Amino acid sequence: MKIEYSKPPHPREHRLIFKNVDRVGWDPSIECYINEGGYDDLKKALKMEPSKITEEVKQSGLRGRGGAGFPTGMKWTFIPPNNTKPVYLICNCDESEPGTFKDRYIVHQDPHQLIEGMIISAYAVGANTAFIYMREEFPEAAIICEKAIEDARAKGFLGKDILGTGFDLEIYVHRGAAAYICGEETGLIESLEGKRPYPRIKPPYFPAALGLYMCPTIVNNVESLCHVKHIIRMGGDEYAKLGKPRNTGTRILCVSGDVKNPGYFEIEVGKLTMRELLYEVCGGPKDGREFKAVIPGGSSSKILRCDEVFKLKNPDNSEKDLSFWDIALDFDSLAACGSMAGSGGVIVMDDSRSMSWVLNNINAFYAHESCGQCTPCREGSSWMKKISDRLVEGKASAEDLETLEQVAYQIDGRTICAFGEASSWPVEAIIAKFREELLEDTSESNSGVAHNPEAEAQRRFLIDHDSFPA
Amino acid sequence: MSDSSLQHLVASEKTPGTAKFPSFEVSSEIEAEAEKRIAQFPVEHKRSAVLPLLHIVQHKFGYISAEAIEWVAGKLELEPIKVCEVVTFYPGLRQSAPGKFHIRVCRTLSCAMGGSYELMDKLCELTGIDRSKQDSHHHPIAVSPCGNYSVEFAECLASCGTAPVCLVNDDFHEAVAPEKAVELLAKYPAEDS
Ligand SMILES: Cc1cc2nc3c(=O)[nH]c(=O)nc-3n(C[C@H](O)[C@H](O)[C@H](O)COP(=O)(O)O)c2cc1C
Ligand code: SF4
Ligand code: FES
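Below or above, wherever it landed, is the structure these notes cover. (Residues numbered from 1 in each chain as written. Chains lettered and ligands numbered in written order. Predicted model: local features only at pLDDT ≥ 70, side-chain atom pairs only at ≥ 80, totals over all residues. Heavy atoms only, no water.)

All names here are of chain B. Relative to each other, helix H3 (residues 50-61) and helix H5 (residues 80-89) sit at 70°, their axes nearing to 11 Å. Taken together, H3 and H5 sit at an angle that is classed as roughly perpendicular. Every pair of crossing elements has a handedness; the one defined by H3 and H5 is right-handed. Facing Val-50, Leu-51 and Leu-54 of H3, the residues of H5 in contact are Val-83, Val-86 and Val-87. Considering only residue class, the contact of H3 with H5 consists of six nonpolar, no polar and no charged. (Axes fitted to C-alpha atoms, helices over the stretch in contact; angles between N-to-C directions. Helix = DSSP H or I, 4+ residues; strand = E, 2+ residues; numbered from the N terminus. Parallel < 35°, antiparallel > 145°, perpendicular 65-115°, else oblique. Left-handed = near helix turned anticlockwise from the far one by under 90°. Contact = heavy atoms within 4.5 Å. Nonpolar A, V, L, I, M, F, W, Y, C, P; charged D, E, K, R; others polar.)

This brings us to the interface of chain B and chain A. With 40 residues of chain B in contact, the opposing surface of chain A contributes 57 residues. Together, Phe-89, Leu-109 and Met-113 of chain B form the three largest contributors to the area buried by chain B at its contact with chain A, with a combined 18%. The tally of links from chain B across to chain A stands at two salt bridges. Where Arg-104 of chain B meets Glu-136 of chain A, a salt bridge forms, and the shortest distance between an N and an O atom there is 3.0 Å. Joining chain B to chain A, the criterion identifies 17 residue pairs in polar contact (both at pLDDT 80 or more). Elements with a contribution of two residues or more to the side of chain B that touches chain A: H3, H5 and helix H6 (109-113) of chain B. Along the lines of polarity and charge, the residues of the side of chain B that touches chain A split into 20 nonpolar, 12 polar and eight charged. (Buried area = accessible area lost by both parts, 1.4 Å probe. Salt bridge = Lys/Arg side-chain N within 4 Å of Asp/Glu carboxyl O. Polar contact = N/O pair within 3.5 Å; in protein donor to acceptor, adjacent residues only side chain to side chain.)

Let us look at the sheet that holds strand E1 (residues 87-93) of chain A. Residues and elements named next belong to chain A. If you walk across this open sheet you meet the four strands as E3-E2-E1-E4, and the pairing is parallel. A strand with exactly one partner marks an edge of an open sheet, and here the two such strands are strand E3 (170-175) and strand E4 (217-221). Averaged over neighbouring strand pairs, the angle between their axes works out to 20° when direction is ignored. When strand E2 (residues 127-134) meets E3, the two strands line up parallel, connected through six bridges. Its bridge partner being in E3, Ala-130 is matched across the sheet by Ile-171. (Pairing = 2+ DSSP bridges.)

Surveying the vicinity of ligand 2 reveals 13 residues, the closest of which are Cys-371, Gln-373, Cys-374, Cys-377 and Cys-417 of chain A. When grouped by side-chain class, the residues that make up the shell around ligand 2 number eight nonpolar, five polar and no charged. (Near = heavy atom within 4 Å.)

Here helix H13 (residues 355-369) of chain A contains 15 residues, and its C-alpha end-to-end distance of 21 Å stays within 8% of the 21 Å for a straight helix at 1.5 Å per residue. Across the 15 residues of H13 of chain A, 14 count as buried, placing the element largely inside the fold. (Expected span 1.5 Å × (residues − 1). Buried < 20%, exposed > 50% of the residue type's maximum accessible area, 1.4 Å probe, protein only.)

With that settled, the discussion passes to the sheet that holds strand E13 (residues 345-350) of chain A. Residues and elements named next belong to chain A. One open sheet accounts for five strands, arranged E8-E7-E13-E9-E10; its pairing is mixed. The open sheet has two free edges, formed respectively by strand E8 (263-268) and strand E10 (304-305), since each of these has just one partner strand. Judged from the four bridges that link them, strand E7 (residues 250-257) and E13 form a sheet pairing that is parallel. Bridge pairing in E13 places Val-255 opposite Val-346. Seen against the sheet, helix H11 (residues 274-281) touches E7, E8, strand E9 (291-295), E10 and E13 and runs at an angle of roughly 115° to E9.

Don't take any of this as a statement about function, it's just geometry.
Okay, structure coming up:
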C-alpha cells in the first residue's frame, strides 16, 4: 500500500515512529489506527510473559530518547525483584528541552501508537496505573490523548481484564504548568505528587525503586515508549539490525535554526553524518550564508563548531582526526566528540549569528528554569545570565568572561539534578570554542576590574574570610 | 471566608483583564470536574490532584485567587500554604488576570533566531501594551489597557522547526513572522468593554 504524505519524508528517512505523521487521510481516531493493524502488537505482547517483553526490549538495544540515552530494557529490570508495592509507569511528555519537537507530533497525530506502547510497557513492568505527564503548553494534545484513552478503554484495550487476559491498566493524562524542570524525572514525580517539582537526590531516589509515592516507577520518554511497540512487532533482534551496534533503531532528529529546510527527520541511528543531515536532508545553509555552529542534542548539549576537528582514539589507542562534518549522528559518536545526542534537537547557527547573543539567550532560559533548590544552580544560572546580559550590551570586561567560565565550572557536578550540567555545559563549550569572538564583544573601556561588581564582591568575601586561593 | 494571611501571600492584583473573567464561584459543574480528577489518584494521595484542580480554576476564572486556593486546599484536605507554594512556583499558573486573549510568544533560541522578539514588539505596538515593567520572574505578563490582550514570553514551545511560534489562549500558531502580527490579532477581535 502506498502511503501519501502532505509533507513527504526525505528519502534518507526510515519512518517507524513517524510513519503516520503528516499522512494524507490519517487522523488520530482509534478507527483509523485499528484499520492499519493497530493494537495487534498489544495482542501479541499480552500472549507473552512480561519478562519476555523486557528481554526483547533489552535485546533490541533501545536507548532512551528523552535525553540521557539510558538502555530502556535495563532500566525496567531495576524494579526490586521482591517488590510488593504498586508499580507505576510514567510517560514523560514534558518535551521542553529547547530544540526538541518530536513528541508533539506523536501526541497530536498518532496518540494510539503511544497508548499501545504504554500498555505493552506497563504489562512488562507490572504497572496497573500509568500517567502521561504532559506539558501544559500542549492543551490540544491533552484533549486528544484523553479521548484516545477513552476510546481504547471502550474497545477493551484499557481498564479491567484487558482482552480477557486478567491484566488491568488505567492511563491518565496529567498536565504540568510550564516548568522545564518537570521534565527531569524526579522533578516530574514530585510535581505529580502535587508538590513543587524539586528534583530528588539520586541515590537513593532512583525512580525504579523509590518513585511515585515511594513506589517503583518507570519513567520513559514518549518516543521510547512508542519504540517498544515496534520492538514487539519486529522482535528485539530484528529491531537491533536498524542503526548501529549500541546505537540501534531509528530516532527522530529535530532540526531548527539556520538551514534551508528545518523539520523532523526519522533516521536510522548513526546512519547519517552531520554533512548528510545538514546539506542533503536539510538543504544546506540559507542563501549567501555559511554554517557556523551546531548544538546537536538540545540546548543542554555542548555546541560544536563546524570547522572543528576532533581527536578520537582508535581501539589500539592510536589517534585519528574526525572533522565535524563526518560525525555520525548517534549516541556514542557525539559523546566521543565531547557533546551528546541528547534529545535529538539539532539547532543550527550560521555566520550571521553572534555567539554572545546565542549564549545570552541560552543563559536566560536556564536562569528562568532553575528550580532554586541548589545554591550553585540557582545563583549561578542567574549570575551567568547577568554577565552575558552585559556582554551583549557591550559592557562586559574580559575578566567578566573569566568569571562566567568559573561560575559555570562551579555549578557543573555540584547539584542535585542534571540541570546543573544542562545550564553550565553550554556556557563552558561556547566560551571554550568562541573565546576570541566573545572577547571582541567585551569592551576595552570596561576592562577595569571594578566594572565587575559580582566578581569583586566575591573576591572581597573570600579575602575577608581568609580562604582566597593564592 | 478568605484568610487574610493568604491574601498577603498571593499577589492577586486587579488588572484591566479582571473584568473579562467571571469571579470565582464553585458551580456543580466545577465540583463534578474536580471530583473526577481527584478520583484518578489513590485516596491517600489526593494531593496529586492539586495541578488538575488549579487548571480547572485558571481555565474558568483566568487566574488563581486566594479564595480559589482555599477551595482547592479544602477539596484536597491540605493546608492552604501547600497549594499556595505550588501556585507561586509554576510559570504556567497566574495570580492575576491576563487579558481576554493571552498571547505567549516563544523567546527561546530557535524562535529568537526566527524573529520572536520582533514579533513581541509588534504585538505590543498593535495592542498598546507597555512591557517596560516586565521581568521574567515576578511580572512576566503585561495586559493591554482595554483588557482584551496580554502578552508573555514563554520558553521553548517544542515547535522550533516552525519558528517563531506562539500560543493564544489554547490555540497554537506556527511560523508567525513579525509581519504576521496583524493577521494573528485579526483572528482575536477585541470586544468593547
Ligand atoms: C533538566 C532536565 C530536563 C529534562 N526534560 C525532559 C523532557 O522534557 N522530556 C523527557 O522525555 N526527558 C527529559 N529529561 C530526562 C528525564 O529525566 C528522563 O531521563 C527521561 O524521561 C527518561 O526517559 P528515556 O529513558 O525514555 O529517555 C530531562 C532531564 C533533565 C535533567
Ligand atoms: S540543579 Fe538546579 S534545577 Fe536541579 S535541583 Fe538543583 S536547583 Fe533545581
Ligand atoms: S525555540 Fe521556540 S519552539 Fe522551540
